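# Structural characterization, general
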Amino acid sequence: MDVDTRLLRYFVAVAEEGTLTRAAERLFVSQPALTKQIKQLENQLGVRLFSRSRAGMALTEPGRVLAERAPGLLADWGEVLRETRGAARRAARVLRVGFLASAANEATPRIVAEFARRRPGWRAEMRQANWSNPSAGLADGDVDVALLRLPFPGQRALRVSVLFTEPRVVALPAGHPLAERSLIAFRELWDEPFVAAPPESGPWRDHWLATDERDGHPVRVGAVTDQPDDWLSAITNGYGIALAPASAARFYARPGVVYRPVSGVSPSQVAVAWVPADDANPVVQDFVRCCLGHGRQASGGGDRRLPG
């Protein structure tokens, strides 16, 4: 019997979340569509996996057995896919580099040029990810290495080296009462609605909402966006404000949005990340060296490798 791994992923999400509603939000699918997929899996297996009630989705005994084994199966399959895709990219002499938003800022072109010098015949293919995928495809094996903002889900399972830090600022609609201020205390923004990343981005979303720097004050979410253009539009239209790296003022300037320094929040860290299996991969390590040289050269930073 062949079972689509997508159905297993849907099953794991429902088993972990306990409700179809939360699982559907996590998977970016509608609840009726998710219900249909779970029913399809049950029909294929010939067993009932969940007991449905108003309280949620409780695993049956067969469901508990599958819930224990499915994550390992999916992880193994993910590793097989990563190795297979990696082999294809090596044959084509292409290094896929995932990134979010502005990647390593102005250092990115220098990093790519240095890699081309170190590896003649190779090409660094830059692949931008949405904010719902804050590892930029690295955790899924879609890319070989990534330029990322910390922190992000699954970070501890990867090799991560910080390249530089930069202050966080606040992005405001131009007509906001605080838009003319030269410096804004973060405490003054606690009651403002914020434009947030999708919930599945976990600690990455929390960092840009500064949840640890609110003294327990709850966050008001005015809009949820998954990419820079939608983020800028939400701010321009007054749905909320947002924290951003200082470089956003250069890379994401737009009429109707102003960026102002904000006190009371920690800076943002930009890092290069790769999977532990590629510690001995000479091509990946060459790219990492290019990042360490040009990224830290731009910021004057020292070696700050985080533990995997």
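Residues numbered from 1 in each chain as written. Predicted model: local features only at pLDDT ≥ 70, side-chain atom pairs only at ≥ 80, totals over all residues. Heavy atoms only, no water.

### A closer look at the pattern of salt bridges
Any two side chains of opposite charge can pair, given that their charged atoms come close. We apply this condition: We define a salt bridge as a side-chain nitrogen of Lys or Arg found within 4 Å of a carboxyl oxygen belonging to Asp or Glu. For the purposes of this entry, the term helix denotes a DSSP run of H or I that reaches at least four residues, the term strand denotes a run of E that reaches at least two, and both are numbered from the N terminus. The rule is simple: take the accessible area with a 1.4 Å probe, protein chains only, and divide by the maximum for that residue type; under 20% is buried, over 50% is exposed, in between is partly exposed.
The final tally for this structure, using the stated rule, is 18 salt bridges. Here Arg168 and Glu213 are joined by a salt bridge, their closest N and O atoms 2.9 Å apart. Separated by 45 residues along the polypeptide, Arg168 in strand 7 (residues 168–173) and Glu213 in the loop between helix 6 (203–209) and strand 10 (220–224) bring together distant segments of the chain. Accessibility expressed as a relative area gives 2% for Arg168, which makes it buried. Judged by its relative accessible area of 23%, Glu213 is partly exposed. When salt bridges that share partners are traced, they join Glu114, Arg117, Arg118, Arg119, Asp286 and Arg289 into one network.

### Some words on the side chain of Ser201
Selection criterion: Contacts described as polar in this section are N or O atom pairs within 3.5 Å, which, within protein, must combine one atom able to donate a hydrogen with one able to accept it, while residues neighboring in sequence count only if both atoms come from side chains. Note on definitions: a residue-residue contact is assigned when non-hydrogen atoms from the two residues lie within 4.5 Å.
Here Ser201 lies in the loop between strand 9 (193–196) and helix 6. Of the residues examined, Ser201 reaches a relative accessible area of 0% and is grouped as buried. Within the structure, the side chain of Ser201 is placed 2.6 Å from the backbone oxygen of Pro198, a separation counted as a polar contact. Setting aside its immediate chain neighbours within four residues, Ser201 contacts Trp131, Pro134 and Pro153.

### With respect to the nonpolar core
Cut-off, in case you're wondering: Each nonpolar core is a collection of buried residues, namely Ala, Val, Leu, Ile, Met, Phe, Trp, Tyr and Cys, held together in the definition by side-chain atoms within 4.5 Å.
The biggest cluster of nonpolar side chains holds 51 residues, and the ones touching the most others in it are Val170, Phe186, Leu189, Trp231, Leu243 and Tyr259. Dropping the residues within four chain positions of it, Tyr259 is found in contact with Val169, Val170, Ala171, Trp231, Leu232, Ala244, Ala248, Ala249 and Tyr252.

### With respect to the packing of helix 2 (residues 20–27) against helix 3 (residues 31–45)
Rules: Under this scheme, a helix contributes an axis fitted over its contacting stretch, all axes are lines through C-alpha atoms, and angles between N-to-C directions fall in the 0 to 180 degree range. Angles below 35 degrees are treated as roughly parallel, those above 145 as roughly antiparallel, those between 65 and 115 as roughly perpendicular, and all remaining angles as oblique. Under the convention adopted here, Pro, Cys and the residues Ala, Val, Leu, Ile, Met, Phe, Trp and Tyr are nonpolar, Asp, Glu, Lys and Arg are charged, and Gly plus all remaining residues are polar.
Between helix 2 and helix 3, the shortest axis-to-axis distance is 9 Å and the interhelical angle comes to 100 degrees. Relative to helix 3, the element helix 2 lies roughly perpendicular. Residues Leu20, Thr21, Ala23, Ala24 and Leu27 of helix 2 touch helix 3, and the partners they reach there are Gln31, Leu34 and Thr35. Partitioning the contact of helix 2 with helix 3 into residue classes produces 5 nonpolar, 3 polar and no charged.

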